[in-house]
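Residues per chain, in single letters:
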Amino acid sequence: MLILLLYSFYISISLPLSLFFHLIKHNLLKFSEFKFDASLQEGLEAMNFENTTPIQEQAIPIILNNQDLIAVAQTGTGKTAAFMLPILQKLAVSNTTHT
């Protein structure tokens, strides 16, 4: 399955990203809701990562379900974490089942 997420609305509004995320923060998922491995969740908490960004909220479940994804979002919106956290989760789970 190929999913295309376009975040062109980031570009079309004239708010700084920090203000934009502040305004929508109350609607975002918390990283703890993804039920990541305890070591991964501990790392997120150590870095004060509590709420997801919109790209993370939408991309992480898709990647965790082994689906294909193409995502476009402005710089600084968390795309790298959106694709790395599910990979780290899969590695953590596979490591605990093979030891």
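Everything numeric in this text was worked out from a predicted model, so none of it was measured. (Residues numbered from 1 in each chain as written. Predicted model: local features only at pLDDT ≥ 70, side-chain atom pairs only at ≥ 80, totals over all residues. Heavy atoms only, no water.)

## Observations concerning the confidence of the model for the chain
Definition in use: Each residue carries a pLDDT score, the predictor's confidence in it, ranging from 0 to 100. The helix count covers DSSP runs of H or I at least four residues long, the strand count covers runs of E at least two residues long, and both are numbered beginning at the N terminus. Here, residues are in contact when the closest pair of their heavy atoms is within 4.5 Å.
With 71% of its residues at a pLDDT of 70 or more, the chain has an overall mean of 79. Within the chain, no element has a lower average pLDDT than strand β1 (residues 4-6), which sits at 38, and none a higher one than helix α3 (residues 38-46), at 95. Contacts for the low-pLDDT stretch residues 1-15, under 50 throughout, to residues beyond four places or in other chains number 31 contacts.

## Section: a nonpolar patch on the surface
Rules: Residues forming no salt bridge and having over 30% relative accessible area are the ones grouped into patches, like charges within 9 Å of each other and nonpolar side chains (Val, Leu, Ile, Met, Phe, Trp, Tyr) within 5 Å. Per-residue accessibility takes into account occlusion by the displayed protein chains alone, with areas from the Shrake-Rupley method and a 1.4 Å probe. Only one rule defines a salt bridge in this text: a Lys or Arg side-chain nitrogen within 4 Å of an Asp or Glu carboxyl oxygen.
A contiguous nonpolar surface patch, about 410 Å² in accessible area, is contributed by Phe-83, Met-84, Ile-87, Leu-88 and Leu-91. Note that Ile-87 resides in helix α5 (residues 79-97).

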